[in-house]
Each structure stands twice: as C-alpha cells, then as structure tokens.
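In case you want the letters, here they are:
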Amino acid sequence: MYKRNAVLLADELSHDIPVLLLQGPRSVGKSTILNEIAQAYQTEVIDFDNRDVRTAFNDAGTHFLPKTQPVLIDEYQKAPLILDDIKVRLNKSSTPGQFIITGSTSFDALPGGTQKLTGRIHRLDIWPLTQSEILGSTPNIINNLIQNPGITINQLREYRSTTTRSDYLRSISIGGFPLSVSETNPKKRKRWYTDYLDYSINHDIPDILKIRQATDMDKLIPRLSKNTAGVLNVSRICEDIGIKPNTADEYISLLEKIFLIQKLEASTLVDTPRLAKRPKLHFVDSGLATNLLGFDSDTISKINPQTAQRVGQLVETFTINEIIRLAQLNDDFKAAKFWRTRTGEEIDLILEIWGEKTIAIEIKASSTPKS
C-alpha cells in the first residue's frame, strides 16, 4: 500500500461537485483508492470490470443504481450507458458528493460522454506513483517553486539530492506502476510490462474503437518509444515503419486515450517567427518506455555511445512526469509545456502558473552538466 498524494485532493473535491472522476492508466491504483473510500463510507463498489456486474446492469436498467450516496463505480467505461442513468439522477438533484467513478479510458473518448455531464463532473488524473509516494517522503520543491518563482539558488540548495546516477537509472527502469515497483525480479518485471501492454491494446482500446490493422499498432508502439521526449514528427515515423499517416494519427490518439502516452504542447508565451509548434511525445511511465527500448534495471546503467541518447530521453520523460504530477496537486498550477525554435533552441519544461507566471526547467542526464 502506498500513500497517494491525490487521495486528500480527491476527498476534498468529492464534497464540492456532484461527480468526481478518477481517470488514468490501468493498474495505477484507482480501484485501491475507490475501495478505501468505500471502507470510509461503509458502502460497496460497483465494479464494471466484472462481466457479471455488467450483465446485472443491463438487466436492471435504471433501477441499478443504489439510493445511498456516494455511489462508487469502478471502470465505468466498460458500461458507458451508466452515464445516462447518472444524468437522470443529477437532473433531479445536483447536490455535491453523489458519485465517485473511475476509468482507464479518457472521458473525452466516450461518444457523448462529455456532453452528458458538462458542468457537473470534475476529472482528477491518477498517474503511476511518484518517487515521493514510493519512498514515503513529502515533496516540497515544486510547491515552493510555484508559490515563489523568484526562489534563489541558495534557497534551493537544501533540496540537493544524495541520489546517485545509478539510483536514478534504476528508478527510471522500474517506473511507477505499483506492481512493477513491488516486483524485485527484472525478468518478471519485463514480463509484467509486456502483458500490461498486450492487455491495454487488446482489451482497453476495443472499448473505444476496433483496430483495423493490428500489425500497424504493433509496429507503431516500439517506434514511439524511440521518440519519447522527442518532438512528434508523424511523417518521419510513418516513413520509418511503413504505415499511413492517417492510421498513425488515429492510433496515436487511441494510445493517448488509454493513457499510455501523452503530448506536451509547445508554449507560445514567448512567440517568435522561428517558433516550432509540434508537440513533444512522452510515455506516461518511464518503466514502460524502458522496457519497450529493451533495457531493464541491470542493463540501463551500462552506458555506451549507442544507448546514451536513449537514456537521456528516458531521464527527461521520467523527470517531466515527476514534476507535472507534483505540480498538479497545486491549485496555482495552470499548464505544462515546452518551448523550442526551429533552429533547436529549447526549454525542456515550462510550468505555467496562474497570474501570468512561468517556471522554466532544464533537464540534464549528465552527472556534471556544463554551465
């Protein structure tokens, strides 16, 4: 059991709005959070991952939802018609705290889902574990940066890490999925990631759209792993693996909707004629990307000229994921982006803060970065 930073925020939000949606990748602990809430309220979770429960819902129709509140629903996207019943209930009363639901598919991916509950639902993203959650520590540096963008280098020195490069690389290769973190055998961890990816493609994606060319998806995902932390150039990817651009666009969108990858948009706060506006692509978990690139916790630290670039990309993806997940806990955080010109000048991460403030962050894989 890991103490999740988002639990307190989820509890707070559930008292403010009619429907709270906890959405994010499969196996990150959404169900665990929901079960903790169920214990606190002494109620049951309706689990739509269970086929028998889905059958019971189809048979019962509008009488399926219990009268007690909050109603807790796990993996609601497996029975999307439940949103109609929730809407009927909310039309009678929009008091806060009626429903807490979880989903492993983006709410925007469901036809009509957004329109049905507009203004009455809040989405809280639940991601793989951060290092602070794994270690049981309290993160402060991102909060301090957001609340005080003018913080000095000397004030930051108290956060200087004693973590070694090899420690970082091991954490990057393990990732943040609870089952990966708890697995001590690198071979079994690799098998888990392979099975996870297979399940996501063959079970979660068909909930949204039937894949026409499975072989195209099989070629696309490993190629995207080589692009993590890189500017997304779909045309080049299509040339490399021989698939059509419209297919690649559609499949990349599907992978976003099941929370395997995410795009970091380019910032236009400092606009110039030379500004590059293509997004960067990041896998949502460094362990998944590491596995797809053929590394594990033993081999990732064996640096050579052929793998150094890939390790640098993994360090950037890992760091950006960590920072954004901590920033999302702060009400003053607005958006995360990056900045790049067509000639290659770049800022790896820009945190946009409400009130027209920004924090620019540079990420280096080197143990001895140059000034």
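See the structure above.
Just so you know, these numbers come straight off a predicted model, no measurement behind them.

About the cut-offs
Residues numbered from 1 in each chain as written. Predicted model: local features only at pLDDT ≥ 70, side-chain atom pairs only at ≥ 80, totals over all residues. Heavy atoms only, no water. Salt bridge = Lys/Arg side-chain N within 4 Å of Asp/Glu carboxyl O. Helix = DSSP H or I, 4+ residues; strand = E, 2+ residues; numbered from the N terminus. Buried < 20%, exposed > 50% of the residue type's maximum accessible area, 1.4 Å probe, protein only. Expected span 1.5 Å × (residues − 1). Arc of directions from axis to C-beta. Contact = heavy atoms within 4.5 Å. Pairing = 2+ DSSP bridges. Axes fitted to C-alpha atoms, helices over the stretch in contact; angles between N-to-C directions. Patch = residues over 30% accessible without salt bridge, like charges linked within 9 Å, V, L, I, M, F, W, Y side chains within 5 Å. Areas by Shrake-Rupley, 256 points an atom, 1.4 Å probe, with all protein chains shown as cover. Lys, Arg positive; Asp, Glu negative; His and termini not counted. Charge placed at Lys NZ, Arg CZ, Asp CG, Glu CD. Core = buried A, V, L, I, M, F, W, Y, C linked by side-chain atoms within 4.5 Å. Parallel < 35°, antiparallel > 145°, perpendicular 65-115°, else oblique. Nonpolar A, V, L, I, M, F, W, Y, C, P; charged D, E, K, R; others polar. Phe/Tyr/Trp six-rings, centres within 6.5 Å; stacked < 30°, edge-to-face > 60°.

Visitor: Hey, could you go over the pattern of salt bridges for me, with residue numbers and the actual values?
Guide: Summed over all chains, the structure comprises 14 salt bridges. Of the charged contacts in the structure, one is a salt bridge between Arg26 and Asp49, with a shortest N-O distance of 3.1 Å. Remark: Asp49 occurs in the loop between β2 (45-47) and α3 (51-60) and Arg26 occurs in the loop between β1 (19-23) and α2 (30-41); sequence separation between them is 23 residues. Residue Asp49 is classed as partly exposed on the basis of its relative accessible area, which comes to 30%. Between Lys263 and Glu256 there is a salt bridge; the shortest N-O distance is 3.5 Å. Take Glu256: its relative accessible area is 26%, and that puts it in the partly exposed class. Among the charged side chains, a network of salt bridges with common partners joins Lys280, Glu316, Arg340 and Glu346.

Visitor: So what about helix α14 (residues 245-257)? Which residues, and what values?
Guide: With 13 residues, α14 extends 18 Å between its outermost C-alpha atoms, agreeing within 8% with the 18 Å of an ideal straight helix rising 1.5 Å per residue. Within α14, the full set of buried residues consists of Thr247, Ala248, Tyr251, Ile252, Leu254 and Leu255. For α14, the angular spread of the buried residues around the axis is 155 degrees, confining them to a single face. The secondary structure elements touched by the buried residues of α14 are α12 (214-225), α13 (234-241) and β7 (261-264). One or two positions beyond α14, positive phi appears at Phe259, with a value near 65 degrees.

Visitor: How would you explain the environment of Gly150 if you had to name every residue and give the values?
Guide: Here Gly150 shows up in the loop between α7 (141-147) and α8 (153-156). Residue Gly150 is classed as exposed on the basis of its relative accessible area, which comes to 57%. Linking Gly150 and Ile359, residues 209 residues apart in sequence, is a C-alpha distance of 9.2 Å.

Visitor: Give me the sheet that holds strand β5 (residues 121-125): which residues, what numbers.
Guide: With parallel pairing, five strands are arranged side by side in an open sheet as β2-β3-β4-β1-β5. The open sheet has two edge strands, β2 and β5, and neither has a second partner. Across this sheet, the average inter-strand angle for adjacent strands is 20 degrees, counted without regard to direction. Bridge count between strand β3 (residues 71-74) and strand β4 (residues 99-103): three bridges; the pairing is parallel. Bridge pairing in β4 places Val71 opposite Phe99. Sitting on the sheet, α2 touches β1, β2, β3 and β4, and the angle it makes with β3 is about 160 degrees.

Visitor: Lay out a negative patch on the surface in plain terms, naming residues and giving numbers.
Guide: The grouping of Asp11, Glu12, Asp16, Asp331 and Asp332 at the surface amounts to a negative patch. Examined against the element boundaries, Asp16 turns out to sit in the loop between α1 (6-14) and β1. Assessed through its relative accessible area of 49%, Asp16 is described here as partly exposed.

Visitor: Talk me through the sheet that holds strand β6 (residues 230-231); I want residue IDs and the actual numbers.
Guide: In space, the three strands of this open sheet follow the order β6-β8-β7, with antiparallel pairing throughout. In the strand order of this sheet, the two ends are held by β6 and β7, each with one partner. Where β7 and strand β8 (residues 280-283) come together, four bridges link them in antiparallel fashion. For Lys263, the partnering residue across the bridge sits in β8 and is Leu281. Lying over the sheet, helix α16 (residues 308-327) contacts β7 and β8, oriented at roughly 85 degrees with respect to β8.

Visitor: Please set out the nonpolar core residue by residue, giving values where relevant.
Guide: By size, the foremost hydrophobic cluster in this structure holds 75 residues, and its most contacted members are Leu124, Leu224, Leu349 and Leu351. The leading source of residues in this core is α16, at nine residues. Residue contacts for Leu349: discarding those within four places in its chain leaves Leu264, Ile320, Ile323, Ile324, Ala336, Lys337, Ile359, Ala360 and Ile361. Counting 21 residues, the second largest nonpolar core, distinct from the first, contains Ile46, Ile82, Phe99 and Ile101.

Visitor: If you had to explain the packing of helix α9 (residues 165-174) against α16 to someone new, which residues and values would you point to?
Guide: Look at α9 against α16: their axes get within 10 Å of each other, and the N-to-C directions meet at 75 degrees. The angle between α9 and α16 falls in the class roughly perpendicular. Contacts from Arg165, Tyr168, Leu169, Ser171 and Ile172 of α9 reach α16 at Val311, Leu314, Val315 and Phe318. Taken together, the residues that form the contact of α9 with α16 break down as seven nonpolar, one polar and one charged.

Visitor: Lay out the packing of aromatic side chains with the relevant residues and their values.
Guide: Inspection of every chain in the model, using the stated rule, returns ten aromatic pairs. A centroid spacing of 5.4 Å and a plane angle of 65 degrees characterise the contact between Phe48 and Phe57, whose relative ring orientation is edge-to-face. Residue Phe57 is classed as buried on the basis of its relative accessible area, which comes to 6%. Centre to centre, the rings of Phe57 and Phe64 are 5.4 Å apart; their planes meet at 75 degrees, and the pair counts as edge-to-face. This pair shows no difference in class: Phe57 is buried, exactly as Phe64 is. Through pairs of rings, three or more aromatic residues link up here, namely Phe177, Trp192, Tyr193 and Tyr196.

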